[in-house]
Amino acid sequence: MTEFINPSLVPKRKLITGEGIPCIGMGTFGSDRFSPDQVAQAVAGAIRCGYRMFDCASVYGNEALIGRVFEQALAEGVVQREELFITSKVWNDMHGKGDVLLSCAKSLRDLQLDYIDAYFVHWPFPNYHAPGCDGDSRNPDSKPFSVERFMETWRQMERLYDLGLVRHIGMSSMTIPKLDAVLPLCRIKPTVIEMELHPCFQQQALFDYVIAHNIQPIGFCPIGSPTRPQRDMTPDDVADIEVPEVVEVAKAHRIHPAVVCLKWAVQRGQIPIPFSVHENEYVSNLRCTTEDPLTDAEMDSLRNAERECRLIKGQVFLWPSASDWHDLWDEDGVIVK
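The present account deals with the structure reproduced in this document. Keep in mind it's a predicted model, so treat the numbers as computed, not measured. (Residues numbered from 1 in each chain as written. Predicted model: local features only at pLDDT ≥ 70, side-chain atom pairs only at ≥ 80, totals over all residues. Heavy atoms only, no water.)

**A short note on the nonpolar core**
Within soluble globular proteins, side chains that are nonpolar generally end up buried alongside one another.
Argument step 1. Core analysis: the largest hydrophobic core is formed by 87 residues, its most contacted members being Phe54, Tyr119, Phe150, Trp154, Met157, Met171 and Leu179.
Argument step 2. Here this core gets seven residues from one element, more than from any other, and that element is helix α1 (residues 36-49).
Argument step 3. By size, the runner-up hydrophobic cluster in this structure holds 15 residues, among which are Ala250, Val260, Trp264 and Leu311. (Core = buried A, V, L, I, M, F, W, Y, C linked by side-chain atoms within 4.5 Å. Buried < 20%, exposed > 50% of the residue type's maximum accessible area, 1.4 Å probe, protein only. Helix = DSSP H or I, 4+ residues; strand = E, 2+ residues; numbered from the N terminus.)

**Things to note about the pattern of salt bridges**
Argument step 1. In total, this model carries 14 salt bridges according to the counting rule given.
Argument step 2. Residues Asp110 and Lys106 are paired through a salt bridge, measuring 2.7 Å at the closest nitrogen-oxygen approach. With Asp110 and Lys106 both in helix α3 (residues 99-111) and four residues apart, the pair spans about one turn of that helix.
Argument step 3. We classify Asp110 as buried; its relative accessible area is 14%.
Argument step 4. When the shortest N-O distance is used, the salt bridge between Asp330 and Lys178 registers 2.8 Å. Taken together, the residues span a long stretch of sequence, with Asp330 in the segment after α10 (296-302) and Lys178 in helix α5 (residues 176-182) at a distance of 152 residues. There is no split in this pair, since Asp330 and Lys178 are both buried.
Argument step 5. It is possible to trace a salt-bridge network through shared partners that takes in Glu19, Arg81, Asp117 and Arg167. (Salt bridge = Lys/Arg side-chain N within 4 Å of Asp/Glu carboxyl O.)

**Quick look at helix α8 (residues 257-268)**
Argument step 1. For α8, spanning twelve residues, the distance from its first C-alpha to its last is 16 Å, which sits close to the expected 16 Å at 1.5 Å a residue.
Argument step 2. Buried within α8 we find Pro257, Ala258, Val259, Val260, Cys261, Leu262, Lys263, Trp264, Ala265, Val266 and Arg268.
Argument step 3. Where α8 is buried, its residues touch β1 (12-14), α6 (204-212), α7 (244-253), β10 (271-272), α9 (279-287) and α10.
Argument step 4. With its phi angle positive at about 125°, Gly269 sits one or two positions after the end of α8. (Expected span 1.5 Å × (residues − 1). Contact = heavy atoms within 4.5 Å.)

**Comments concerning the pairing of strand β6 (residues 118-121)**
Argument step 1. Neither face of β6 is open: one carries Ala118 and Phe120, the other Tyr119 and Val121, and all of them are buried.
Argument step 2. Sheet topology places strand β5 (residues 85-90) next to β6; four bridges connect them, and they run parallel. Paired with Ser88 across the two strands is Tyr119, which belongs to β6.
Argument step 3. Each parallel crossover has a hand, and the one from β5 via α3 to β6 is right-handed.
Argument step 4. Relative to strand β7 (residues 169-172), β6 runs parallel, the two sharing three bridges. Following the sheet pairing, Tyr119 is matched in β7 by Ile169. (Pairing = 2+ DSSP bridges. Right-handed = clockwise from strand over helix to strand, strands pointing away.)

**A look at the side chain of Thr175**
Argument step 1. Topologically, Thr175 is positioned in the loop between β7 and α5.
Argument step 2. Judged by its relative accessible area of 4%, Thr175 falls in the buried class.
Argument step 3. A distance of 2.6 Å separates a polar atom in the side chain of Thr175 from a polar atom in the side chain of Asp330.
Argument step 4. With near-sequence residues (within four places) excluded, Thr175 lies in contact with Leu206, Leu328, Trp329 and Asp330. (Polar contact = N/O pair within 3.5 Å; in protein donor to acceptor, adjacent residues only side chain to side chain.)

**Describing the packing of α1 against helix α2 (residues 63-75)**
Argument step 1. Following both chains from N to C, one finds α1 and α2 inclined at 25°, their axes separated by 8 Å at the closest point. Looking at the two axes, α1 sits roughly parallel to α2. Between α1 and α2 lies a crossing whose hand is right-handed. Taking contact as the criterion, the partners of Pro36, Asp37, Val39, Ala40, Val43, Ala44 and Ile47 in α1 are, on α2, Leu65, Ile66, Val69, Phe70 and Ala73.
Argument step 2. For the contact of α1 with α2, the per-class residue count stands at eleven nonpolar, no polar and one charged. (Axes fitted to C-alpha atoms, helices over the stretch in contact; angles between N-to-C directions. Parallel < 35°, antiparallel > 145°, perpendicular 65-115°, else oblique. Left-handed = near helix turned anticlockwise from the far one by under 90°. Nonpolar A, V, L, I, M, F, W, Y, C, P; charged D, E, K, R; others polar.)

Structure representation (structure tokens):
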């Protein structure tokens, strides 16, 4: 029988709207290793064990199956719709005029929902790559970031909000220079931003920037994403669960190093969205937010786990004149053209 963690025991984060949402969610990106059915089954188990936040996206190719899970859980009274916080995202090939509305409509239909709690621009440019393509493939039509193009997409996001189809709108994989350029132009500012966050990639400057703008950070790859696609792995990558700072804290608490990464994330203030198809893992991921917190000294020590190791480099989105994946991240403080 699935262990149940009472959702009322899971700490909440307060959005600028005053709404409280769970401090941890479940991701649904099965990468190349898990089928849509496996992901949907994990979501079904996660709802029954007490998860109330789920991070979805059209490009993951599993929203229709997950939607059946949501529909069944709601029909059976396992959970009420207002208890759930469900997110989705518009993919890079749907940034054109009218496309964002179509993308959202499809996600609503697939997820069998009347509204989406938070809808994100998945990447800040319309650079499409075929699902499952190798890491060296490039689309010759890819372009560098454009404030004007991004804002055309964002205006459609604002329209979705106006229509009541989404309750919050968000951005993902942004940089400080990009945010500096677009936030002043937003009629409706993002409530949430997704960014890669784990002990070996803490993005402190961007994290502080987002918090200062009253935007809630949601952290993907919270344990270093050991099951990410092979194309996203490079020889220089560091495994968070193996670095001494994380291992030492894990030994002190007699827990798995992955759990240390999640406790660190929750206590730091971001919302981690780990994914697992294994019940013992996703139950443990949720339970760890309710017990045995890390000490202030341990939180301080984990700052030293920073290795500036970006795992999701985004190289498949590079435009023809770009040098390498570093150009996507504006590391010199200016938007790379």
